[in-house]
Amino acid sequence: MASSIILVVLIALSSSLAMAADQSPLQDFCVAESSSQVRLNGLACKNPSMVQASDFSFSGLHIAGNTSNAVGSRVTPVAATQIPGLNTLGISLVRIDYAPWGINPPHTHPRATEILTVMEGSLEVGFITSNPDNRLISKILNKGDVFVFPIGLVHYQRNVGNGYAMAIAGLSSQNPGVITMANAVFGSKPDISTDILVKAFQVDKSVIVNTQSKF
């Protein structure tokens, strides 16, 4: 009986560890030391006696991002790079600005779940479930609405209004990472073989070559 209980506890612990985005901190804080040459899973810690209030703060999130680009959006991150005190705490933040009908293109965060709140305007948001269903789950959000994008799933946002839109999103990692689908597939360095992409997308080779040239 005792061995069965121990086995259940071990399975529960291993499951909880597997679901965690970032490892739990083992101290009050670990302010990132940007000048350190130490390589580890995260960032090296600054001497606690040298820590200042400025290590835990960031200014500028009130400033709108420049959306004059091909997709019509701009992401302003607030992660451990911007706030060294976020190191090991397992959270980060972004501000996303959208031009009229601008998009935040389909992308994934390999290390984080995202929770997004619309602050201005209206957004179409959605994510796609994994194979084999590839089901699109989408919704129109208005100011004050909240939506969650599960960790690792492809998702996007689009401004569906004629005016400016802005959202704030929290992520469950100090370094969530971002993989933009189009950039990764068509802008890899070196290029993915056109023969592979022709088969994958079932289009003419000229379409692939033309698309790769834009990235």
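What counts as what
Residues numbered from 1 in each chain as written. Predicted model: local features only at pLDDT ≥ 70, side-chain atom pairs only at ≥ 80, totals over all residues. Heavy atoms only, no water. Helix = DSSP H or I, 4+ residues; strand = E, 2+ residues; numbered from the N terminus. Buried < 20%, exposed > 50% of the residue type's maximum accessible area, 1.4 Å probe, protein only. Polar contact = N/O pair within 3.5 Å; in protein donor to acceptor, adjacent residues only side chain to side chain. Contact = heavy atoms within 4.5 Å. Phe/Tyr/Trp six-rings, centres within 6.5 Å; stacked < 30°, edge-to-face > 60°. Pairing = 2+ DSSP bridges. Axes fitted to C-alpha atoms, helices over the stretch in contact; angles between N-to-C directions. Salt bridge = Lys/Arg side-chain N within 4 Å of Asp/Glu carboxyl O. UniProt positions renumbered as here; feature names shortened; annotations may be inferred.

Let us now look at the side chain of Gln-174. Mapped onto the fold, Gln-174 is located in the loop between strand E9 (165-171) and strand E10 (179-180). The class for Gln-174 is buried, based on a relative accessible area of 10%. Looking at Gln-174, its side chain comes within polar contact range of the side chain of Asn-87, at 2.8 Å. At 2.3 Å, the side chain of Gln-174 and the backbone nitrogen of Thr-88 are in polar contact. For Gln-174, the residues in contact, after removing those within four places along its chain, are Asp-22, Gly-42, Leu-43, Ala-79, Ala-80, Leu-86, Asn-87, Thr-88, Leu-89, Gly-90, Ile-91 and Ser-92.

What follows concerns the packing of aromatic side chains. Across all of its chains, the model carries four aromatic pairs by this definition. Relative to Phe-147, the ring of Phe-127 lies with its centre 6.1 Å away and its plane at 50°, an arrangement referred to as tilted. You can see Phe-127 sitting in strand E5 (residues 123-128) and its partner Phe-147 sitting in strand E7 (residues 146-149), a full 20 residues away along the chain. With respect to burial, Phe-127 and Phe-147 carry one shared label: buried.

So, on to the pairing of E9. Most of E9 is tucked away, with six of its seven residues classed as buried. Where strand E2 (residues 92-98) and E9 come together, seven bridges link them in antiparallel fashion. The residue bridging Ser-92 from the neighbouring strand is Leu-171, located in E9. Looking at chain direction, strand E4 (residues 114-120) and E9 are connected through six bridges and run antiparallel. Directly across from Glu-114, in E9, lies its bridge partner Leu-171.

Spatially, the five strands line up as an open sheet ordered E6-E5-E8-E3-E10, and their pairing is antiparallel. Edge positions in the sheet fall to strand E6 (136-141) and E10, since each of these pairs with one other strand and no more. Across five bridges, E5 lies against strand E8 (residues 155-159) in antiparallel orientation. Across the sheet, Val-125 pairs through a bridge with Gln-157, a residue of E8.

The antiparallel open sheet is built from five strands, whose spatial order is E1-E2-E9-E4-E7. The open sheet has two edge strands, strand E1 (73-78) and E7, and neither has a second partner. Strand after strand, the sheet turns through a mean of 20° between neighbouring axes, direction not considered.

Moving on, we come to the pattern of salt bridges. Considering all chains together, one arrives at four salt bridges under this definition. A salt bridge links Glu-124 to Arg-158; the shortest N-O distance between them is 2.6 Å. With Glu-124 in strand E5 and Arg-158 in strand E8, the pair connects residues that are 34 residues apart, well separated along the chain.

So, on to the UniProt feature "binding site: oxalate" (unreviewed entry) in the protein. In this numbering, the UniProt entry assigns the feature "binding site: oxalate" (unreviewed entry) to Asn-104, His-109 and Glu-114. Considering the arrangement of structural elements, one finds His-109 in the loop between strand E3 (103-108) and E4. Assessed through its relative accessible area of 10%, His-109 is described here as buried. Side chain to side chain, His-109 and His-107 meet in a polar contact 3.5 Å long. Summarising the element assignment, Glu-114 is placed in strand E4. Apart from the residues lying within four places of it in its own chain, the contact partners of Glu-114 are Ile-96, His-107, His-109, Phe-147, Val-148, Phe-149, His-155, Gln-157, Ala-169, Gly-170 and Leu-171.

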